[in-house]
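The chain contents come next:
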Amino acid sequence: QPWCARLAAHLGYTYSGADAELRLGRRHSVARRIAGLFASYAAQRPQLLIDWEAGRDTDGLGAPISADLIWQAELWRALLDRVPADPPPARQARTVARLRQAGGDLPPRVSVFGPTRLSVTDVEILDALACHHDVHLWIPHPSDAMWCAHSGARTGVPRRLVDPPERGHPLLITLGRDLRELQHLLPDNMISDVIVDDIAAPVYRPDTLLGWLQSDLSANAVRPAGRRLAAQDRSVQVHSCHGPARQIDVLRDVLLAALADDPTLEPRDILVMCPDIDTYAPLIAAGFGLGDAGDGHPAHRL
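Computed from a predicted structure; not experimentally measured.

## Focus: the nonpolar core
- Ranked by size, the top nonpolar core spans 15 residues in total, and within it Leu 7, Ile 34, Phe 38, Tyr 41, Leu 49 and Trp 52 carry the most contacts.
- The greatest single-element share of this core, amounting to 5 residues, is contributed by helix α3 (residues 27-44).
- Among residues more than four places away in sequence, those in contact with Ile 34 are Leu 7, Trp 71 and Leu 75.
- Of all hydrophobic cores here, the second largest spans 7 residues; its members include Val 120, Leu 126, Leu 182 and Leu 186.

Next up, the structure:
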């Protein structure tokens, strides 16, 4: 159909020969991608799907969507006609209304630990649960100063265009975006009783690069005056490696050196963080934990 011409071209329906066959092979991956987009819209921007169902081709905030994306709205309406089930926004509204009226089959106190990102629908569910349950959000936050700076500038809309001015610590400006958006998303009644449990306040921060970084992140400020880096300071290290396998090799050597240099250091004191564990898991298994396989690299005993 004309509204689907862009998607049809992407899937090869206007091509012939080998190119058409190659593009038709995309159908399953494209279907999964579109299903994921629709699920994301339902969780993060439910008004978008509500408008599309009503025939309004908007972005969920009142502005029209661009012409090259209208096929998504048409496809959503076609999907609603085909699937014999209520759309996600309708089920969400029904669930929220039921929770506000009678609560859920949950204990009197509900705690949510460690969320750095919550969808609009998650917040609606928690807000509805709070009508009949004692709901606690335990949010890990690096800086009380940053929280206070944004407590009076919340928009209620998790838009990346709504960004703070470029002030404060540069790492918090870039890496703290999810937490800032979460704070902007929470309704007033959810943050009216904020308790800051600053367990790091009484901790002594050493006069090292790592100590300076921790202190600056907590204060959301860069305070370079009077600092001189000691020549032997290795509290923060950056190792440039040419690939995942080499990264594991270097990590292995660095950890062994640290354990050899400090007799008080134990493996239980070490935390290794990895953003893409599926890629690194087989390499980690090959570099560590093979002590039962015989003598080899010392890291095999870790």
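## Thoughts on helix α4 (residues 46-53)
- Turning to α4, its buried residues number three or more, namely Pro 46, Leu 48, Leu 49, Asp 51 and Trp 52.
- Of the surrounding secondary structure, the elements contacted by the buried residues of α4 are α3, α5 (70-82), α6 (88-102) and α7 (120-129).
- Gly 55, located one to two residues past α4, shows a positive phi value of around 90 degrees.

## Concerning the pattern of salt bridges
- The final tally for this structure, using the stated rule, is 10 salt bridges.
- The salt bridge partner of Asp 216 is Arg 227, with a shortest N-O separation of 2.8 Å. Placement of the pair is Asp 216 in helix α11 (residues 209-219) and Arg 227 in the loop between α11 and α12 (244-261), with a sequence separation of 11 residues.
- On the basis of relative accessible area, Arg 227 is assigned to the partly exposed category, the value being 28%.
- Residues joined by salt bridges that share partners form a network here, namely Asp 57, Glu 74 and Arg 77.

## Some thoughts on unusual backbone geometry
- Located in the positive-phi region is Asn 220, a residue other than glycine, with phi close to 55 degrees.
- Among the structural elements, Asn 220 can be located in the loop between α11 and α12.
- Its relative accessible area of 17% is what places Asn 220 among the buried residues.

## Digging into the packing of aromatic side chains
- Enumeration according to the criterion identifies 4 aromatic pairs in this entry.
- With centroids separated by 5.7 Å and ring planes inclined at 85 degrees, the aromatic side chains of Tyr 41 and Trp 52 adopt a geometry described as edge-to-face. Of the two residues, Tyr 41 is situated in helix α3 and Trp 52 in helix α4; the sequence distance between them amounts to 11 residues.
- Sitting over the face of the ring of Tyr 15, Arg 23 holds its NZ or CZ atom 4.3 Å from the ring centroid.

## Things to note about α5
- In this model, α5 (13 residues) spans 19 Å end to end at C-alpha, consistent with the 18 Å of a helix rising 1.5 Å per residue.
- Within α5, the full set of buried residues consists of Trp 71, Gln 72, Ala 73, Trp 76 and Arg 77.
- On its buried face, α5 is in contact with α1 (5-10), α3, α4 and α6.

## What about the packing of α4 against α5?
- α5 packs onto α4 with a crossing angle of 75 degrees between their chain directions and a minimal axis gap of 9 Å. Classified by the angle between their axes, α4 and α5 sit roughly perpendicular to one another. Residues Leu 49, Trp 52 and Glu 53 of α4 lie in contact with α5, whose contacting residues are Gln 72, Ala 73, Trp 76, Arg 77 and Leu 80.
- Looking at the contact of α4 with α5 residue by residue, the classes come out as 5 nonpolar, 1 polar and 2 charged.

## Observations regarding the confidence of the model for the protein chain
- Averaged over every residue, the pLDDT of the protein chain is 85; the share at 70 or more is 88%.
- Per-element averaging of pLDDT across the protein chain places helix α8 (residues 144-150) at the bottom with 81 and α5 at the top with 95.

## Here's the deal with the side chain of Arg 180
- Mapped onto the secondary structure, Arg 180 falls in helix α10 (residues 177-185).
- Engagement of the side chain of Arg 180 in a polar contact is seen with the backbone oxygen of Leu 172, the distance being 2.8 Å.

## Here's the deal with a nonpolar patch on the surface
- Together, Leu 209, Leu 210, Leu 229 and Val 236 make up a nonpolar patch on the protein surface, roughly 300 Å² of accessible area in all.
- Structurally, Leu 210 is set in helix α11.

## A few points about the pairing of strand β2 (residues 134-138)
- Relative to β2, strand β1 (residues 109-113) runs parallel, the two being bridged by 5 bridges. Bridge pairing in β2 places Arg 109 opposite Asp 134.
- For the segment spanning β1, α7 and β2, crossover handedness is right-handed.

Cut-offs applied
Residues numbered from 1 in each chain as written. Predicted model: local features only at pLDDT ≥ 70, side-chain atom pairs only at ≥ 80, totals over all residues. Heavy atoms only, no water. Core = buried A, V, L, I, M, F, W, Y, C linked by side-chain atoms within 4.5 Å. Buried < 20%, exposed > 50% of the residue type's maximum accessible area, 1.4 Å probe, protein only. Helix = DSSP H or I, 4+ residues; strand = E, 2+ residues; numbered from the N terminus. Contact = heavy atoms within 4.5 Å. Salt bridge = Lys/Arg side-chain N within 4 Å of Asp/Glu carboxyl O. Phe/Tyr/Trp six-rings, centres within 6.5 Å; stacked < 30°, edge-to-face > 60°. Lys NZ or Arg CZ within 6 Å of the ring centre and 35° of its normal. Expected span 1.5 Å × (residues − 1). Axes fitted to C-alpha atoms, helices over the stretch in contact; angles between N-to-C directions. Parallel < 35°, antiparallel > 145°, perpendicular 65-115°, else oblique. Nonpolar A, V, L, I, M, F, W, Y, C, P; charged D, E, K, R; others polar. pLDDT = per-residue confidence, 0-100. Polar contact = N/O pair within 3.5 Å; in protein donor to acceptor, adjacent residues only side chain to side chain. Patch = residues over 30% accessible without salt bridge, like charges linked within 9 Å, V, L, I, M, F, W, Y side chains within 5 Å. Areas by Shrake-Rupley, 256 points an atom, 1.4 Å probe, with all protein chains shown as cover. Pairing = 2+ DSSP bridges. Right-handed = clockwise from strand over helix to strand, strands pointing away.

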